[in-house]
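Overview (structure and organization)
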Amino acid sequence: TRKVERIDTQVDEMRVRRKDSNALKVIENVFDDATLKTLYTISNKGIIKALGGSISTGKEANVFLAEGEDRNLAVKIYRISSSTFNSMEEYILGDPRFRNVRHSKRDIIFAWTKKEHRNLERAIEAGVKVPVPIISERNVLVMEFMGEGERSYPQLKEAGVNKENARAFFDTISKYIELLYTKANLVHGDLSEYNILVDPHTQEPIFIDMGQSVTLEHPKSQEFLRRDIENIIRYFKKYGIDADPEKLYSTIREI
Ligand code: ATP
Ligand code: MN
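Report follows, based on the coordinates. (Residues numbered from 1 in each chain as written. Chains lettered and ligands numbered in written order. Predicted model: local features only at pLDDT ≥ 70, side-chain atom pairs only at ≥ 80, totals over all residues. Heavy atoms only, no water.)

**A look at the coordination of the manganese ion (ligand 2)**
Using the following cut-off: Donor selection uses N, O and S atoms within 2.8 Å of the metal (3.2 Å for Na, K and Ca). Since no water is included, sites may look incomplete. Helix numbers and strand numbers start at the N terminus; a helix is a DSSP run of H or I with at least 4 residues, a strand a run of E with at least 2. The rule is simple: take the accessible area with a 1.4 Å probe, protein chains only, and divide by the maximum for that residue type; under 20% is buried, over 50% is exposed, in between is partly exposed.
Every protein donor of the manganese ion (ligand 2) is listed here as Asn195 (OD1) and Asp209 (OD), and their distances to the metal cover 2.2 Å. Of this pair, asparagine 195 sits in the loop between β9 (186-187) and β10 (196-199) while aspartate 209 sits in the loop between β11 (204-207) and β12 (214-215), placing them 14 residues apart in sequence. Looking at asparagine 195, the relative accessible area reads 8%, which means it is buried.

Shown next as structure tokens:
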């Protein structure tokens, strides 16, 4: 287990390290000065007391464990230096909620972070199990930590489901897609066995990674919905679940 350090100490250390070493390229890419300041702001609000170990390094974001007031939290940091931000534009443009976003790279990333925060809120209101968002500032999103101790709940990809539970698990996922669509006006847009965690206590799915989720007004919302459905049906085939993507698609749209 990694020891959790105080943010201020850590921030100072990063500064020193940044100057001394170029071997810490990854850290440098995540914790640029502006991001450190943002973390500092959040820490001054008393929301996070210390930053913990790295949970994940993704294409656009890093996720870290953090120590909150009375429980652990997850901190998702979108890298300002992210090279794939161009793909973000496709999701931001076409979403009426972001009509006034200035199109600099930085601003797109900030809007993206806010969007993930709002999408998680809307998902919760619709009755979909996702991490509760706590605060978003610039490129940093703090949310409920879905895990135990310092360990995240496994992705569906890793955990799988047992044969007896497969049908119920699949049905809950289908229900969540439908609730997102009908109640939250959202399509997840990147749904797969990687962006669903498994709660080991309830054996139920938790949707994550909703930065790219779009409202139904988005010109590609139907395409994204189809793709989400196809991904899930493809994954559950190996558990003997035989569902027709077109049928599920029209069921969801009819309601
Ligand atoms: P992107 O591709 O946009 O950079 P990503 O795939 O890196 O995003 P997420 O899917 O949101 O980002 O998170 C990556 C991993 O971090 C998840 O698969 C999960 O294991 C872990 N994770 C994310 N959010 C949480 C959370 N709230 N609680 C626990 N673990 C989390
Ligand atoms: Mn992901």
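**A word on the site of ligand 1**
As a reminder, the rule being used: We define proximity as follows: a residue is near a molecule or strand when any one of its heavy atoms falls within 4 Å of that partner. Polar contact criterion, stated in full: a pair of N or O atoms within 3.5 Å, where within protein one must be able to donate a hydrogen and the other to accept it, and residues adjacent in sequence count only if both atoms are side-chain atoms. Each residue gets one of three labels, nonpolar for Ala, Val, Leu, Ile, Met, Phe, Trp, Tyr, Cys and Pro, charged for Asp, Glu, Lys and Arg, and polar for the others, Gly among them.
Around ligand 1, 20 residues are found, and the nearest of them are Glu60, Lys76, Met146, Gln155 and Asp209. Side-chain polar atom of lysine 76 to an oxygen atom of ligand 1: 2.7 Å apart, as the coordinates give it. Contact distances for ligand 1 include 2.9 Å between a nitrogen atom and a backbone N or O atom of glutamate 144. Residue classes in the shell around ligand 1 are distributed as 10 nonpolar, five polar and five charged.

**A word on the nonpolar core**
For the record, the criterion: We call a set of buried residues a nonpolar core when its members are Ala, Val, Leu, Ile, Met, Phe, Trp, Tyr or Cys and they connect through side-chain atoms within 4.5 Å of each other. Working rule for contacts: check all heavy atoms of both residues, and any pair within 4.5 Å makes them a contact.
With 54 residues, the main nonpolar core has Leu156, Ile173, Ile177, Phe207 and Phe236 as its most contacted residues. No other element matches helix α7 (residues 166-183), which puts nine residues into this core. Among all residues touching phenylalanine 207, those that are not within four sequence positions of it are Val128, Lys129, Val130, Pro131, Ile173, Tyr176, Ile177, Leu180, His188, Leu191, Asn195 and Ile196.

**A closer look at the packing of α7 against helix α8 (residues 221-237)**
Quick reminder of the rule: Each axis is a line fitted through C-alpha atoms, and for a helix only the stretch in contact is used; angles between axes span 0 to 180 degrees, taken between their N-to-C directions. Oblique is the label for any angle not under 35 degrees, not over 145, and not in the 65 to 115 range, which are roughly parallel, roughly antiparallel and roughly perpendicular in turn.
For the pair α7 and α8, the least separation of the axes is 11 Å and the interaxial angle reads 175 degrees. One finds that α7 runs roughly antiparallel with respect to α8. Contacts between α7 and α8 involve Ala166, Phe169, Phe170, Ile173, Ile177 and Tyr181 from the former and Gln222, Leu225, Ile229, Ile232, Ile233 and Phe236 from the latter. Counted by class, the contact of α7 with α8 contains 11 nonpolar, one polar and no charged residues.

**Overview of unusual backbone geometry**
Leaving glycine aside, a negative phi is the common case for residues, and trans is the common case for peptide bonds. Of note, arginine 138 is a non-glycine position whose phi angle comes to about 50 degrees, a positive value. Position of arginine 138 among the secondary structure elements: in the loop between β5 (133-137) and β6 (140-144). The phi torsion at asparagine 185 lies on the positive side, around 60 degrees, for a residue other than glycine. Within the secondary structure, asparagine 185 is located in the loop between α7 and β9. The exposure class assigned to asparagine 185 is partly exposed, which follows from its relative accessible area of 35%.

**A word on the side chain of serine 213**
As for its position among the elements, serine 213 is in the loop between β11 and β12. The residues touching serine 213, leaving out its near neighbours within four places in the chain, are Arg97, Lys115, Asn119, Val187 and His188.

**With respect to the pattern of salt bridges**
For clarity, the cut-off: Within this document, salt bridges are pairs made up of a side-chain nitrogen of Lys or Arg and a carboxyl oxygen of Asp or Glu, the two lying within 4 Å of each other.
Tallying each qualifying case throughout the model produces 10 salt bridges. Between lysine 76 and glutamate 116 there is a salt bridge, and its shortest N-O distance comes to 3.3 Å. Taken together, the residues span a long stretch of sequence, with lysine 76 in strand β4 (residues 72-78) and glutamate 116 in helix α5 (residues 105-126) at a distance of 40 residues. Given a relative accessible area of 1%, glutamate 116 falls into the buried group. Salt-bridge contacts for lysine 175 lead to glutamate 178; the nearest nitrogen and oxygen are separated by 3.7 Å.

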